[in-house]
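Inside the fold
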Amino acid sequence: MESIPTVAVDGAQLVCHRIGGGRPLLVLNGFGATSADWDPSFIDRLASSNELILLNNRGIGGSTDDGQPFDIAKLADDAAHVIEALGFEHVSLLGWSMGGFIAQAFALNYANRVDKLVLLSTDPGGIEADLASSDVWSKLIDTAGTPNEQARRLLFLVFPNDVAESFYQQFGDMVAAARTITS
């Protein structure tokens, strides 16, 4: 059985894959997503000129947690501890969705460790943020049904129907596999 690379951080074991070469780029996932959820061609392209550090947040995708509540600031602290444990002084950050929240918190709290900040499909939070309704939130965290049913529900929640159907046909099995890991 293949060993999964982890980094011990404050009561957790965080899954952390490193690929590519060049400038270090910490890749932070969206809510409930794992490093397996990124499009492989996107990751391959980034890895052609960067050393990617693909981090699974605590409690997701094989990463453990300590059973205590945590927030975005804690996830940013986790990321900083991972970077330190891996021996990097500075990194660029790429954050998608909730990963963008984490990246922004990291940049605020560890500004001296950040080279560049890349934000994808995210917002700055705070009182001006357009928060998900309780109905949308409940659908995001719904783990009922098979992994494929969960994947289909998730894709149709975050994309227009025609795009969601296309994505489900192309990536549904990959999203379902990631949902299996996160359950």
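See the structure printed just above.
Residues numbered from 1 in each chain as written. Predicted model: local features only at pLDDT ≥ 70, side-chain atom pairs only at ≥ 80, totals over all residues. Heavy atoms only, no water.

This paragraph deals with a nonpolar patch on the surface. The grouping of F31, W137 and I141 at the surface amounts to a nonpolar patch, some 290 Å² of accessible area in total. Structurally, W137 is set in helix α4 (residues 134–140). With a relative accessible area of 42%, W137 lands in the partly exposed category. (Patch = residues over 30% accessible without salt bridge, like charges linked within 9 Å, V, L, I, M, F, W, Y side chains within 5 Å. Areas by Shrake-Rupley, 256 points an atom, 1.4 Å probe, with all protein chains shown as cover. Salt bridge = Lys/Arg side-chain N within 4 Å of Asp/Glu carboxyl O. Helix = DSSP H or I, 4+ residues; strand = E, 2+ residues; numbered from the N terminus. Buried < 20%, exposed > 50% of the residue type's maximum accessible area, 1.4 Å probe, protein only.)

Take the nonpolar core next. Nonpolar side chains in soluble globular proteins tend to be buried together. One finds L26, L28, I53, L55, V82, L93 and F106 to be the most contacted residues of the largest nonpolar core, which totals 26 residues. At the level of elements, β1 (6–9), β2 (12–20), β3 (23–28), β4 (50–55), α2 (72–85), β5 (91–96) and α3 (98–109) are the ones that each hand at least two residues to this core. I53 has contacts with C16, H17, R18, P24, L25, L26, V27, V82, I83, L86 and F88, leaving out every residue within four places of it along the chain. Counting residues in hydrophobic clusters, the runner-up holds 9 residues, among them V27, I43, L46 and L54. (Core = buried A, V, L, I, M, F, W, Y, C linked by side-chain atoms within 4.5 Å. Contact = heavy atoms within 4.5 Å.)

As a further point, take the layout of surface pockets. Taken as a whole, the largest pocket encloses approximately 1600 Å³ of empty space. Along the walls of the largest pocket sit 47 residues, with G30, F31, W96, S97 and L140 positioned nearest its centre. Looking at the lining of the largest pocket, the element that brings in the most residues is helix α6 (residues 161–182), giving 7 residues. Tallied by class, the residues present in the lining of the largest pocket amount to 29 nonpolar, 11 polar and 7 charged. (1 Å grid on protein atoms, 1.4 Å probe; cavity = no way out; pocket = protein on both sides within 12 Å on 5 of 7 lines; lining within 4 Å. Points joined across faces, edges and corners; volume = space filled by probe spheres on them. Nonpolar A, V, L, I, M, F, W, Y, C, P; charged D, E, K, R; others polar.)

Here the focus is unusual backbone geometry. Residue D10 is not a glycine yet carries a positive backbone phi of 40 degrees. Within the element layout of this structure, D10 appears in the loop between β1 and β2. Positioned with a positive phi, S97 is a non-glycine residue whose angle comes to about 55 degrees. With respect to the secondary-structure elements, S97 resides in the loop between β5 and α3. By relative accessible area, S97 is classed as partly exposed at 28%.

For a regular strand, side chains alternate in direction, first toward one face of the sheet and then toward the other. Judged by how many residues are buried, β5 sits mostly within the fold: 5 of 6 residues are covered. Where β5 and strand β6 (residues 114–120) come together, 5 bridges link them in parallel fashion. Across the sheet, W96 pairs through a bridge with L120, a residue of β6. (Pairing = 2+ DSSP bridges.)

We now examine the environment of T122. Positionally, T122 belongs in the loop between β6 and α4. Placed 25 residues apart in sequence, T122 and S97 show a C-alpha to C-alpha distance of 4.3 Å. Excluding anything up to four places from it in sequence, T122 contacts S97, G100, F101 and Q104. A polar contact of 2.8 Å, which involves the side chain of T122, links it to the backbone oxygen of S97. (Polar contact = N/O pair within 3.5 Å; in protein donor to acceptor, adjacent residues only side chain to side chain.)

Functional significance is not addressed by these values, which are geometric in nature.
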